[in-house]
Amino acid sequence: MATCSHVLIGLTMILIISGELLVPGQGTCQGDIEGLMRECAVYVQRPGPKVNPSAACCTVVKRSDIPCACGRITASVQKMIDMNKVVLVTSFCGKPLAHGTKCGSYVVP
């Protein structure tokens, strides 16, 4: 089962990096989307427990424009990630998403 999870994350990363799962927009978001997927995917994937992210994940989160990336998340991506975990990761890393921020179709409480 763990191998299947890693394959799913890998495919998602490829599609996001190639722009296939992002909402089209002008320009790109500041930061390292590839790094976010590589370092943080395991902390936001469905299913699984909420786990505090690694220092490497937090380093990437701190240098990324998370609200911009949230604005580009599609319904396909939301089926694979737990938005409550996204909120936990960004908060733990010192870049909490503001209440009311829209991340895909999810609104941060």
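Conventions adopted
- Residues numbered from 1 in each chain as written.
- Predicted model: local features only at pLDDT ≥ 70, side-chain atom pairs only at ≥ 80, totals over all residues.
- Heavy atoms only, no water.
- Helix = DSSP H or I, 4+ residues; strand = E, 2+ residues; numbered from the N terminus.
- Buried < 20%, exposed > 50% of the residue type's maximum accessible area, 1.4 Å probe, protein only.
- Contact = heavy atoms within 4.5 Å.
- Areas by Shrake-Rupley, 256 points an atom, 1.4 Å probe, with all protein chains shown as cover.
- Salt bridge = Lys/Arg side-chain N within 4 Å of Asp/Glu carboxyl O.
- Core = buried A, V, L, I, M, F, W, Y, C linked by side-chain atoms within 4.5 Å.
- Arc of directions from axis to C-beta.
- Polar contact = N/O pair within 3.5 Å; in protein donor to acceptor, adjacent residues only side chain to side chain.

Trainee: I'm lost on the overall build of the protein chain in this one. Help?
Mentor: When helices and strands are tallied, the protein chain shows six helices and two strands. Counted from the first residue to the last, the protein chain has its helices and strands arranged as α-α-α-α-α-α-β-β. Residues counted as buried form 39% of the 109 residues belonging to the protein chain. Restricting the contact set of the protein chain to residue pairs at least 6 apart, pairs at least 24 apart contribute 72%. In the structure as shown, the protein chain presents an accessible area of about 6300 Å², 62% of it carried by carbon and sulfur atoms.

Trainee: Explanation requested: the pattern of salt bridges in the structure shown.
Mentor: A side chain with one charge may pair with a side chain of the opposite charge, provided their charged atoms come close. Enumeration over the complete set of coordinates arrives at two salt bridges. One salt bridge connects E34 with R38, and the closest N-O pair in it is separated by 4.0 Å. In this pair, E34 and R38 both sit in helix α2 (residues 33-44), four residues apart, roughly one turn of the helix. What makes R38 partly exposed here is its relative accessible area of 49%. With a shortest N-O distance of 3.5 Å, R38 and E39 are connected by a salt bridge. One connected set of salt bridges, linked through shared partners, spans E34, R38 and E39.

Trainee: When you look at the environment of K62 in this model, what are you seeing that I'm missing?
Mentor: Note on placement: K62 falls in helix α3 (residues 55-62). The exposure class of K62 is exposed, given its relative accessible area of 54%. Note: C-alpha distance between K62 and K95 (33 residues apart in sequence) is 6.6 Å. When neighbours within four sequence positions are excluded, K62 is seen to be in contact with C93 and K95.

Trainee: Looking at this model, I keep getting lost on the nonpolar core. Mind explaining?
Mentor: Proteins that are soluble and globular tend to have nonpolar side chains buried together. The biggest cluster of nonpolar side chains holds 21 residues, and the ones touching the most others in it are V61, I81, M83 and V89. At the level of secondary structure, the elements contributing two or more residues to this core comprise α2, α3, α4 (66-70) and α6 (83-92). Residue contacts for V61: discarding those within four places in its chain leaves L36, C40, I66, V89, T90, C93 and K95.

Trainee: Teacher, can you tell me more about unusual backbone geometry here?
Mentor: With glycine set apart, most residues show a phi of negative sign, and most peptide bonds adopt trans. Along the chain, R46 connects to P47 via a cis peptide bond; the corresponding omega equals -25°. Relative to the assigned elements, P47 resides in the loop between α2 and α3.

Trainee: What's the story with α6 in this structure? I'm lost.
Mentor: Spacing of three or four residues puts side chains on the same side of an α-helix, whose turn is 3.6 residues. The complete set of buried residues in α6 reads M83, K85, V86, V89 and T90. Axial view of α6: buried residues confined to an arc of 150°, hence all on one face. Where the residues of α6 are buried, they touch α2, α3, α4, α5 (75-78), β1 (102-103) and β2 (106-107). Two or three places before N84, at the opening of α6, D82 has a side-chain oxygen 2.9 Å from that residue's backbone nitrogen. Downstream of α6 by one or two residues, G94 has phi in the positive range, about 90°.

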